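# A closer look at the structure
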Amino acid sequence: MSQQGYVAAPPYSQAQPGMGAYQGGFGSGPTQPLYGHYGGPPQAFNAPPAGMMKSSVSPAASVPLPPGPSQYNPNVQQNGSHPQSYPAPPAVSAPYGQPPLSLYNSMTSPGPPPTQQLTNQMSSMNLGSHAQGLQSPPPPASSVVQQPFQTPPTSTMAPPQMPPGPQSPHMSPLMSPPQSPPASMPIASQLMAGTSMEGMGRPFPGPPPPGPGGFQQPGLGSAGQPGYPQQPGQFGGYMAGAHQNMPGPFTGPPQKKLDPDSIPSITQVIEDDQVKQGGQVFTTNIRGQVPPLVTTDFTVTDQGNASPRFIRCTTYSLPCTADLAKQCQVPLAAIIKPFASLPKNETPLYVVNHGDTGPVRCNRCKAYMCPYMQFIDGGRRYQCGFCNCVNEVPVFYFQHLDHMGRRVDFYERPELSLGSYEFVATLDYCKNNKPPNPPAYIFMIDVSYNNIKSGLVKLICDELKTLLEKLPREEGMDTSAIKVGFVTYNKVLHFYNVKSTLAQPQMMVVSDTAEMFVPLLDGFLVNYQDSRAVIYNLLDQIPDMFADTAESETVFAPVIQAGVEAFKAAECSGKLFIFHSSMPTAEAPGKLKNRDDKKLVNTDKEKTLFQPQKGVYEQLSKDCVASGCCVDLFLFPSQYTDIATMADVPSHTGGSVYKYSNFQVETDGEHFLRDLRKDVQKSIGFDAIMRVRTSTGFRATDFFGGIYMNNTTDVEMAAVDCDKGMTVEFKHDDTLSEETGALMQCALLYTTISGQRRLRIHNLSLNCSSQLSELYKSCETDSLINFFAKSAYRAILNQPLKNVREILVNQTAHMLACYRKNCASPSAASQLILPDAMKVFPVYMNSLMKTAPLVGSTELSTDDRAHQRLSVMAMGVEDTQLLLYPRLIPLHNIDVNSEKPATPVRCSEERLTDSGIFLLENGQSMFLWLGQASSPDLIQSLFNLPSLAHLQGHMCALPELDNPLSRKVRSIISGLLEKRSNSMKFLQRAERQTTMAN
């Protein structure tokens, strides 16, 4: 049975089915492969045909996961043998980029390829119009047979068992159309206008294609002759522009604009998911189960698969073959947040300690014991679920099996029954086979003229007196084991001895920044509780000590080098908190020059603005990772500082970069202090190394994030905290089985804040399918856009922005065209049909295209663009979702007595009203928008002012007033500030019109 996804009606001027003898909207495909895999190598990976490649063990050795292709049942999966079911042969598919020949090729002239047609459709649509499109009736059921590219009716095969939960509604050709026609789903003209199919074959990581846009297929140009717009095509698509002196052959009536309300609404999708799954328990005992959205409030019960708070996937049903993956172009990826914070009502990870023997692992692939291991031979052996190797069970780990073939201690061992857990690591997992020391925090303060004059140094010192009392500590511990140290610097570095036996702190100056060393060992890194009095004394003295400084030049690379040397000397890992204000121009290693050149914007050399300067900082990143030295950078610039280079070390060591332009204590001080408090107190692991293992048939090939990689498999991080997310892309190297599914295991080795070496394990099982409809139905849009954002942001280091934007547009069109061709009912060529699970994906893609790094504009600060690029690379799914589609909350009509959270509206300028008050937040900034005609009563309640005219300047917080509206709004704002990973700067604006980013 073919499936109908989200159907968008055509504009009035587009052709209907049957016109021009062009049925169904598809013509012959291109004569050569046209599309390269997104983010892949220049030559797309081609798996050998089924039967040409053998796994390392015989097929008979693999034991399927009972009882069904999509059901993970902890009661029977663990143990017992099962009859071997050989996987069905892979579905026959056409060569990649070349759709099957159509029956209509012999009857009519060929039409445009589906992907070109879809791109043209989306290019032609407008977001600001108000006309409802026409809905053509569905074709008769017989049209399913007429389309050779339709998926076979599902009645001829047993469909995989789907878990209970949200299913994508689809319309059968036999169903009657809805009474009110569904709306068109355009991508805004800003996204698609001027795009072409050129460059589709160029993946991101490779060199830029020749010419301004790579190759261009004849007939697929986006602009035609200069000055000649594209003309509406005969079959609903668009033709190339008319040639000079020759008018276009088709001139239909002007297109009527679409009603923005007819576009699928992200806020509605979020609200619907909250209504459907909010407040419920999500149990992870079903393989390939699609979790609730990241915006939904739900509780997770771990029963064999990792919580979606730790791992989310772009699709939870992988295609069985590489050909299917190439055909649909949907990226296969997982976004992993190994240290994600858990709500208080969820159980923290259990810690398993096997003593000196350490964790039980597969002898061949080294996967750790998990729920996917199959115990056989009375419990004396087990078969690895990842590589199918049969291993002997260690004597200490032996346990009998019950009558169902399951270990008797199944529920007593977290590693057998849970998806996420921790092992205590042995000395074999430690450097030099020695247990690590507790980590340290070093606070490094720039005391140059700018920071002293602004009051920043005094602000930092005052805050540290209280903040050091709240250093993170292990559960159940009274005090933190983290040691602290202090450095101030300008052109030279000042180290401080704060040993507890001293009456006054001692300063030691290192002026030779070319050969950095730590002048003292004993007394530099100390326990805060022991040396509290000396540290208080130091923090009081620092602002006065440099009050009369006139030094404006600073160093930067030697500051990081000093931290590395300190950690090496103390034989511990840790984090540097660097508070810096300007570009390092003093004569020292890492000196930078101003290379900000607006003339490079929108040229092939624009990518150099995002590239860090090589040499000193590249080596520093390696040294930091090797020493477990994480760098967090707090920047307070008043002009260009080359963030692309200065943030290179933090971005490779698992650190964060915070930027406060033109910092003023009065307006920005509280924002900075909230960030500092969150950063110091967040849960974190140090000196980490991560590896992602997969079952046979696919493998992890690419990694995105604030990471460093010395080889192709090990992800190294000097530290990893609860907000950092890594995105991992997978590719096929063999055929996957629908019966056994696909397994992945993320293993993270790290040092705790108390100095214990541990292994954190996250396991996840996915479905596999030879039906593309299952893949599309199991997609998760929020994860997809996270992958696309990180892929694009990495690509702009090597390719012109124009090429990157074209690849984004073309792959979006390709994914949707593949769904239409293979999964949807035949329909008019002019209709845009979207998978239900991806119906808002074009809106997210439109937002991504309009983010600062991908917009070539001289009005945007180069540092701001570089900062956003680096921030997104380390984001998890919830952070990218919020950044790309901000929350717009109306406050003027809020129910002050309701306990329900405020309901956002569509994030569009058209939603703003002159009489309204709105709160806009995207996880980075928060705006309070005040309409010019706002009610004086509302202004009085919020600001204690008689009218909007009396509001002056920008305030950093709302005044605390004793009335219901003020309490409600301040409660909403404080709740959002607490919930987000970054402390958002609060701005209020009173104006009639404003332009939003998305």
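Sequence order as written defines residue numbering, which begins from 1 separately in each chain. Local features in a predicted model are, by the rule used here, given only for residues with pLDDT of at least 70; side-chain atom pairs are given and counted only at 80 or more, and totals for whole chains, interfaces and linings are based on all residues. Side-chain metrics in this entry use all non-hydrogen atoms of the structure; hydrogen atoms and water are not considered.

The protein is annotated in an unreviewed UniProt entry as SEC24 homolog D, COPII coat complex component of Oreochromis niloticus. UniProt positions are given in the numbering used here, feature names are shortened, and annotations may be inferred rather than shown by experiment. The heading Sequence similarities (unreviewed entry) in the UniProt record of the protein holds the text "Belongs to the SEC23/SEC24 family. SEC24 subfamily."

This part is about the overall build of the protein. By definition, any uninterrupted DSSP run of H or I lasting at least four residues is a helix, any uninterrupted run of E lasting at least two residues is a strand, and each is numbered from the N terminus. Within the protein one finds 23 helices and 33 strands. Across the protein, the fraction of contacts at a sequence separation of at least 24, relative to all contacts at a separation of at least 6, is 76%. For the accessible areas, the method is Shrake-Rupley and the probe is 1.4 Å, while residue cover comes only from the protein chains on display. For the protein, the computed accessible surface area is about 39200 Å², with 52% contributed by carbon and sulfur atoms. We call two residues contacting when some pair of their heavy atoms lies within 4.5 Å.

What follows covers the environment of Ser 265. Mapped onto the elements, Ser 265 comes out in the loop between strand S3 (238–239) and helix H5 (266–277). For Ser 265, a relative accessible area of 10% corresponds to the buried category. Excluding anything up to four places from it in sequence, Ser 265 contacts Val 840 and Arg 906. Two N or O atoms form a polar contact when they lie within 3.5 Å of each other; inside protein one atom must be a possible hydrogen donor and the other a possible acceptor, and for residues adjacent in sequence the pair counts only when both atoms belong to side chains. Within the local environment of Ser 265, its side chain forms a polar contact with the backbone nitrogen of Gln 268, the two atoms lying 3.0 Å apart. Burial classes: relative accessible area under 20% of the type maximum marks a residue as buried, over 50% as exposed, and values in between as partly exposed (1.4 Å probe, protein chains only).

When the pLDDT values of the protein are averaged, the result is 78; 73% of them are 70 or greater. Per residue, pLDDT measures the predictor's confidence, with a range of 0 to 100. Low pLDDT (under 50) marks residues 8–113, which in the prediction has 254 contacts with non-local residues, meaning those over four places away or in another chain. Scored below 50 in pLDDT, residues 121–203 shows 231 contacts in the model against residues more than four places distant or in partner chains.

Let's shift gears to helix H18 (residues 801–822). Between its terminal C-alpha atoms H18 stretches 32 Å, which fits the 32 Å expected from 22 residues at 1.5 Å a residue. Most of H18 is tucked away: 20 of the 22 residues are buried. Each residue after the first adds 1.5 Å to the expected span of a helix.

Turning to the pattern of salt bridges, a few remarks are in order. Where charged atoms from two side chains of opposite charge come close, those side chains can pair. Should a side-chain nitrogen of Lys or Arg be within 4 Å of a carboxyl oxygen of Asp or Glu, the pair is scored as a salt bridge. Applying the stated criterion across every chain yields a total of 39 salt bridges. One continuous salt-bridge network, built from bridges that share partners, spans Lys 575, Asp 632, Asp 679, Lys 682, Asp 721, Asp 723 and Lys 724.

In this section: the packing of helix H22 (residues 936–943) against helix H23 (residues 964–979). Following both chains from N to C, one finds H22 and H23 inclined at 65°, their axes separated by 8 Å at the closest point. In this structure, the crossing between H22 and H23 has a hand that is right-handed. Contacts from Leu 938, Ser 941 and Leu 942 of H22 reach H23 at Leu 965, Ser 966 and Val 969. Residue classes in the contact of H22 with H23 are distributed as 4 nonpolar, 2 polar and no charged. The convention used is that axes are lines fitted to C-alpha atoms, helices contributing only their stretch in contact, and that angles between N-to-C directions extend from 0 to 180 degrees. Should the near helix be turned counterclockwise from the far one by less than a right angle, the crossing is left-handed, whereas a clockwise turn marks it as right-handed. Classification used: nonpolar for Ala, Val, Leu, Ile, Met, Phe, Trp, Tyr, Cys and Pro, charged for Asp, Glu, Lys and Arg, polar for all others including Gly.

Time to look at the environment of Gln 799. In this structure, Gln 799 sits in the loop between helix H17 (781–795) and H18. Along the backbone, Gln 799 and Glu 606 are 193 residues apart, and their C-alpha atoms lie at a distance of 8.8 Å.

In this section: the nonpolar core. Within this scheme, the nonpolar core is defined by two criteria: the residues are buried Ala, Val, Leu, Ile, Met, Phe, Trp, Tyr or Cys, and they are joined through side-chain atoms within 4.5 Å. Counting residues in each nonpolar core, the largest one holds 57 residues, and the members touching the most others are Tyr 776, Leu 848 and Leu 854. Those residues in contact with Leu 854 that sit more than four places away from it in its chain are Ala 792, Tyr 793, Ile 796, Leu 801, Val 804, Arg 805, Leu 808, Leu 848 and Met 849. If you look at the next biggest cluster of nonpolar residues, it comprises 45 residues, including Ala 440, Ile 442, Ala 566 and Cys 629.

Here we come to the sheet that holds strand S12 (residues 390–392). As summarised here, the arrangement of the 3 strands in space is S10-S11-S12, forming an open sheet in which the pairing is antiparallel. Looking at which strands have only one partner, the edges of the open sheet turn out to be strand S10 (374–376) and S12. Strand-to-strand, the axes of this sheet are offset by a mean angle of 30°, without reference to chain direction. Following DSSP output, two strands are said to pair if at least two bridges run between them. In terms of strand pairing, S10 meets strand S11 (residues 381–383) through 3 bridges, oriented antiparallel. Looking across to S11, one finds that Gln 374 is bridged to Gln 383.

A few words now on the environment of Ser 651. Secondary-structure assignment places Ser 651 in helix H14 (residues 648–652). Taking the C-alpha atoms as reference, Ser 651 lies 8.5 Å from Met 873; in sequence the two are 222 residues apart. When neighbours within four sequence positions are excluded, Ser 651 is seen to be in contact with Gly 705, Gly 706, Ile 707 and Leu 870. Engagement of the side chain of Ser 651 in a polar contact is seen with the backbone oxygen of Asp 648, the distance being 2.8 Å.

As a further point, take the sheet that holds strand S6 (residues 311–313). Strands sit in the order S6-S8-S26-S23 across an open sheet of 4 strands; the sheet is antiparallel. The open sheet has two free edges, formed respectively by S6 and strand S23 (698–704), since each of these has just one partner strand. Each adjacent strand pair in this sheet contributes to an overall mean axis angle of 25°, direction not counted.

Here strand S8 (residues 333–336) shows a buried face lined by Ala 333 and Ile 335 and a second buried face lined by Ala 334 and Ile 336. In this structure, S6 lies alongside S8, joined through 3 bridges in antiparallel fashion. Its bridge partner being in S8, Arg 312 is matched across the sheet by Ile 335. The sheet contact formed by S8 and strand S26 (residues 726–732) spans 4 bridges and is antiparallel.

Phi angles above zero are rare outside glycine, and Asp 377 is one such case at about 55°. Here Asp 377 lies in the loop between S10 and S11. Of note in the backbone geometry, Asn 432 takes a positive phi value of approximately 55° without being a glycine. Within the fold, Asn 432 resides in the loop between strand S13 (420–424) and strand S14 (440–446).

By secondary structure assignment, the location of Thr 549 is in the loop between helix H10 (532–545) and helix H11 (557–570). Using a relative accessible area of 17% as the deciding quantity, one classes Thr 549 as buried.

Here we take up H5. With 12 residues, H5 should cover 16 Å at 1.5 Å per step; its first-to-last C-alpha distance of 16 Å lies within 8% of that length. Along H5, the residues classified as buried are Ile 266, Thr 267, Ile 270, Asp 273 and Gln 277. Down the axis of H5, the smallest arc covering the buried residues is 130°, so these residues share one side. Each element contacted by the buried residues of H5 is listed here: helix H19 (841–849), helix H21 (877–884) and strand S30 (887–890). Gly 279 lies just past H5 and shows a positive phi near 80°. Directions pointing from the helix axis toward each C-beta atom define the arc.

The next subject is the pairing of strand S31 (residues 917–921). The side chains of a regular strand alternate between both faces of the sheet. For S31, the buried fraction is high: 5 of the 5 residues fall into the buried class. Inspection of the sheet shows S30 paired to S31 by 4 bridges, in the antiparallel sense. Pairing of Arg 887 across the sheet is with Glu 921, part of S31. As defined by bridge partners, S31 adjoins strand S32 (residues 925–930) across 5 bridges and the pair is classed as antiparallel. Each bridged residue has a counterpart across the sheet, and for Ile 917 the counterpart in S32 is Leu 930. Linkage of S31 to S32, two consecutive antiparallel strands, is achieved through a turn of 3 residues, within which Gly 923 is found at a positive phi near 90°.

A word on the packing of aromatic side chains. A pair of Phe, Tyr and Trp rings is counted when the ring centres sit within 6.5 Å of each other, with Trp represented by its six-membered ring. The angle between the planes then sorts it: under 30 degrees is stacked, over 60 is edge-to-face, the rest tilted. Applying the stated criterion to the full structure yields 31 aromatic pairs. Relative to Phe 672, the ring of Phe 636 lies with its centre 5.2 Å away and its plane at 80°, an arrangement referred to as edge-to-face. A residue pair is termed long-range when its members are at least 10 positions apart, and Phe 636 in the loop between strand S20 (629–635) and helix H13 (643–646) and Phe 672 in helix H15 (residues 665–681) qualify at 36 residues. Assessed through its relative accessible area of 6%, Phe 636 is described here as buried.

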